[in-house]
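Chains, contacts and geometry: an overview
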Amino acid sequence: MSGDSMNSEKSSTATRLLIIGAPGAGKGTQAARLAEIFGIPAISTGDIFRSNIAAGTELGKKVQAIVESGSYVPDSVTNELVRDRLTESDTAAGFLLDGYPRTTDQVAELDKLLTASGLKLDAVIQLEADVDEVVTRLRARALEQGRADDTEEVLRHRQDVYAEQTAPLIDVYGSRGLVVAVDGLGAVDEVTERIVSALAAH
Ligand code: ADP
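Sequence order as written defines residue numbering, which begins from 1 separately in each chain. In view of the model being predicted, local features appear only for residues whose pLDDT reaches at least 70, and side-chain atom pairs are presented and counted only at 80 or more, with totals across whole chains, interfaces and linings using the full set of residues. To obtain the side-chain values, all non-hydrogen atoms of the structure were included, while hydrogens and water were left out.

Some thoughts on the pairing of strand β4 (residues 123-128)
What counts, and what does not: Exposure categories follow from relative accessible area, calculated using a 1.4 Å probe and restricted to protein chains: below 20% of the type maximum is buried, above 50% is exposed, and the middle band is partly exposed. Helix numbers and strand numbers start at the N terminus; a helix is a DSSP run of H or I with at least 4 residues, a strand a run of E with at least 2. Only strands that DSSP links by at least two bridges are regarded as paired with each other.
Burial analysis of β4 places five of its six residues in the buried class, which makes it a mostly covered element. Sheet topology places strand β1 (residues 15-20) next to β4; four bridges connect them, and they run parallel. Each residue of the ladder has a partner; that of Leu-17, found in β4, is Ala-123.

So this is what it looks like as structure tokens:
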């Protein structure tokens, strides 16, 4: 694919999605599958931060303590990261953003980026999950993957930060008629099917 990622000719067939849900709702798992189904890149800010931390890059050093505490990285840092990522040529087909935007400031930045390129979001997938179920899942993942931001105390903090800063985005996108709410409980395949048919109905 050529470098004209923001080419308006391509925008008519491209698919641009966001996936929003509480930590542990299964966004990452579903994002990878949806990316494959729609032929678009899944862009996870959390994954980008974690791989930079693992590789010991400047960005990684800057955000490590914040990510491991379960707080949000400053909007200026995250916005710049996404701005750069969305200029890469693979986004000509569209994208699925997982974990961005997470604050109203990030919504404003994404709006600005898309408007500047004459592009629009197609839908915002809201992956719903019961808090108890989510905490059980995250504890299991912490044991499997040893994620430093998955300790009990940090988990609770991450749920609080989500409720306070990110849950309100559902109303913002809801008022634009973009939200597609899907129950995130059940087998992984089942949830993927639910999302795909909910998007088709949207
Ligand atoms: P999960 O999918 O478990 O909710 P992520 O992997 O998306 O978590 O994110 C892990 C951490 O990375 C967050 O707790 C936060 O510190 C940081 N992070 C990821 N995305 C953002 C964002 N859009 N804004 C600020 N911080 C972010």
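Describing the confidence of the model for the protein chain
Heads up, the rule is: The pLDDT value tells you how sure the predictor is about a given residue, anywhere from 0 up to 100. Note on contacts: a residue pair qualifies if any of its non-hydrogen atoms lie within 4.5 Å across the two residues.
Summarising the model, the protein chain shows a mean pLDDT of 91, and 94% of its residues fall at 70 or more. Below pLDDT 50 for its whole length, residues 1-5 participates in 15 contacts with residues either more than four positions away or in separate chains. Low confidence marks residues 7-11, where pLDDT is under 50. Its contacts with residues over four positions away, or in another chain, come to six contacts.

Structural notes on the environment of Leu-121
Examined against the element boundaries, Leu-121 turns out to sit in the loop between α6 (104-116) and β4. Judged by its relative accessible area of 12%, Leu-121 falls in the buried class. Sequence separation of Leu-121 and His-202 is 81 residues, and the distance between their C-alpha atoms is 13 Å. Once residues lying within four places of it in the same chain are set aside, the contact partners of Leu-121 are Arg-16, Leu-18, Phe-95, Leu-110, Leu-114, Tyr-173 and Leu-178.

With respect to the site of the ligand
What counts, and what does not: Note on terminology: near, applied to a residue and a molecule or strand, indicates that one of the residue's heavy atoms is within 4 Å of it. Throughout this description, a polar contact denotes any pair of N or O atoms lying within 3.5 Å of each other; where both atoms belong to protein, one of them has to be capable of donating a hydrogen while the other can accept it, and for residues adjacent in sequence the pair is counted only when both atoms sit in side chains. Using a grid of 1 Å spacing that covers the protein atoms alone, one calls a set of points a cavity when a 1.4 Å probe fits there but cannot get out, and a pocket when the set is open and has protein on both sides within 12 Å along at least five of seven lines; lining residues are those with an atom within 4 Å of a point. Whether a molecule sits in a cavity or pocket is decided by its atoms, more than half of which must lie within 2 Å of the grid points. We call Asp, Glu, Lys and Arg charged. Ala, Val, Leu, Ile, Met, Phe, Trp, Tyr, Cys and Pro are nonpolar, and the rest, Gly among them, are polar.
Looking at the ligand, there are 19 residues lining it, with Thr-45, Arg-50, Ser-71, Gly-99 and Arg-158 nearest. Between an oxygen atom of the ligand and a side-chain N or O atom of Arg-141, the distance comes to 3.2 Å. Within the side chain of Arg-158, an N or O atom sits 2.7 Å from an oxygen atom of the ligand. Here the ligand occupies the largest pocket. Broken down by element, the shell around the ligand gets its largest block of residues, four residues, from helix α3 (residues 45-55). Split into classes, the residues belonging to the shell around the ligand amount to six nonpolar, six polar and seven charged.

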